[in-house]
Amino acid sequence: MKRTISNFSDVDLVLRPYVPLIKQLTGKDTVLDRIKPLMAYLGNPENKLKTIHIAGTSGKTSTAYYLSSLLVLAGQKVGLTVSPHIDKISERTQVNGKPLSEKVFCERLAEFLKIVEKSSIKPSYFELIYAFSIWVFAEFHVDYAVIETGLGGLYDATNVVDREDKVCVLTDIGFDHMNILGHSITEIAAQKVGIVHKNNSLLMFSQHNEIMKVINNWVNNHQASLNLTSQNEEQKVYGQAESFKSLPDFQKRNWLLAFFTYRFVAKRDGLKDLTLSELTISQKTVIPARMDISKVGDHLVTMDGAHNYQKMLAFISSYKQMFPDTKPAVLLSFKSDKAYVETLPFIKEIADSIIVTTFESSQDLPITSCPPEDIYFALKKIGIENVSIEPDNTKAYEKLLKLKSKQLIITGSFYLIAQIREKFKHD
């Protein structure tokens, strides 16, 4: 193993042995048997932190970013850990809304790995970086740790936090990772609500009756409290500030859930009421690869990792709201385990042309894209004619920029977006 850690390239080399050799997680691998001993070896730093734990199918990352911003604006020191990362691995370890600097991240990781290597525990990549983030937050004495689950909830590595004062947040629940979480909405809901432990507080928007039945049963069985609201109710509380209108529709929902959570925590812990100006600042929080818009030459490029039905519906609806009557060209790829077919009709609604490409990544575990030919024929089957394949995503992006469409979209996978952003710097 490379011992010198001076930059993010070194980090990548050092962490490669922690990337699982398996191509795809299965139920038996999604357990807490590795992370619990590791956290105990570290002195259980998770027990030193006030934690807000976020699970759900859609909106987790955005809600986490917004909540972190609101807490920072209230004068709190806040740790934030999310996944996957888009531009750099330090996005998984943020303090006060900023990823650790390359220097600090490398120094702390080198120190952390020495501790881990003295144990006999062999964590996965995700488990290692999550444990590292929690360890850093404890070392930095943050007031709150905002934690996004990696996958599911009940057996997710982040679910080692079981303090009774933990605040849990559930975003919208839908179908994703069905090979691991279950093939029914009730099975998936049971996994997501598994982050709730004894006496925890759970906050969420009301959802479908079959989901709420699972939620209520779990909460009652764990002597937890359920705090329900709706987007309409939260909109009434917040009002009709002009700045709010500029948010995409799906981000309005995520921000309102974060604001609902902030008010709960503020009332419980005696935090200040935020001013309208401070709330407006939080709404401007930049969330990588979520309706992420940049100017590239004379093109406007929108990047959004919409990889399932819910996310694509939300993205395309918001895109049409922001850019009505436009026909963008689309660069598209999906992770190999995604049920992508149901997302394609949404793309058909707006796309002038589509380029299908591929990617490979090793965040958390080896990841490959769906064969482009499969996506190509699925697009053709629903009547989209202007489709082409360019397997090399560098060439595909360059081809995209040469098209006549001034509005461009890159979507389908965060991993595709991460690779494009790594290779090309945007203005």
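Note on numbering: residues in each chain are counted from 1, in written sequence order. Since the coordinates come from a predicted model, pLDDT governs what is reported: local features require at least 70, and pairs of side-chain atoms require 80 or more to be given and counted, while whole-chain, interface and lining totals use all residues. Hydrogen atoms and water are omitted, and side-chain values are computed over all heavy atoms in the structure.

J.: Which residues make up the confidence of the model for the protein, and what values do they have?
T.: For the protein, the mean per-residue pLDDT works out to 91, and 93% of the residues sit at or above 70. Predictor confidence is given residue by residue as pLDDT, running from a minimum of 0 to a maximum of 100. For this analysis, residues touch if any pair of their heavy atoms sits within 4.5 Å. Taken as a whole, residues 21-28 scores under 50 in pLDDT and shows twelve contacts with residues more than four places along the chain or in a different chain.

J.: Describe the nonpolar core, listing the residues and the values that go with them.
T.: Across soluble globular proteins, you tend to see nonpolar side chains buried next to one another. Membership of the largest hydrophobic core comes to 41 residues, with the highest contact counts inside it found for L15, I35 and F112. The numbering of helices and of strands both runs from the N terminus, where a helix is a DSSP run of H or I of at least 4 residues and a strand a run of E of at least 2. Top element by residues in this core is helix α5 (residues 125-139). It accounts for twelve residues. Setting aside residues up to four positions removed in sequence, L15 forms contacts with I89, L109, Y125, L128 and I129. In this description, a nonpolar core means a group of buried Ala, Val, Leu, Ile, Met, Phe, Trp, Tyr and Cys residues linked to one another through side-chain atoms lying within 4.5 Å. Here's how the labels work: a residue is buried when its accessible area is under 20% of the maximum for its type, exposed when over 50%, partly exposed in between, all with a 1.4 Å probe on protein chains only. Residues L67, V146, L247 and F259 belong to the second largest nonpolar core, which totals 35 residues.

J.: An account of the environment of S201 is needed here, citing residue identities and associated values.
T.: Mapping S201 onto the fold places it in strand β7 (residues 201-205). On a C-alpha basis, the gap between S201 and F260 in space is 13 Å, while along the polypeptide they are 59 residues apart. If sequence neighbours within four positions are ignored, S201 has contacts with K166, V167, C168, S225, N227 and F264. Under the rule applied, a polar contact is a pair of N or O atoms within 3.5 Å (in protein, one hydrogen donor and one hydrogen acceptor; residues adjacent in sequence only if both atoms are side-chain atoms). For S201, the side chain forms a polar contact with the side chain of S225, separated by 3.3 Å.

J.: Before we move on, could you go through helix α16 (residues 414-423) and cite the residues and values that matter?
T.: With eight of ten residues buried, α16 is to be regarded as a mostly interior element. Measuring from the backbone nitrogen of Y415 back to the side-chain oxygen at the start of α16 gives 3.0 Å, which picks out S413 as the cap.

J.: I'd like a description of helix α7 (residues 185-192), backed by residues and values.
T.: Regarding α7, the residues found buried are I185, I188, A189, Q191 and K192. Buried residues of α7, viewed axially, fall in a sector of 160°; they line one side. The arc in question is the one spanned by the directions pointing from the helix axis to the C-beta atoms.

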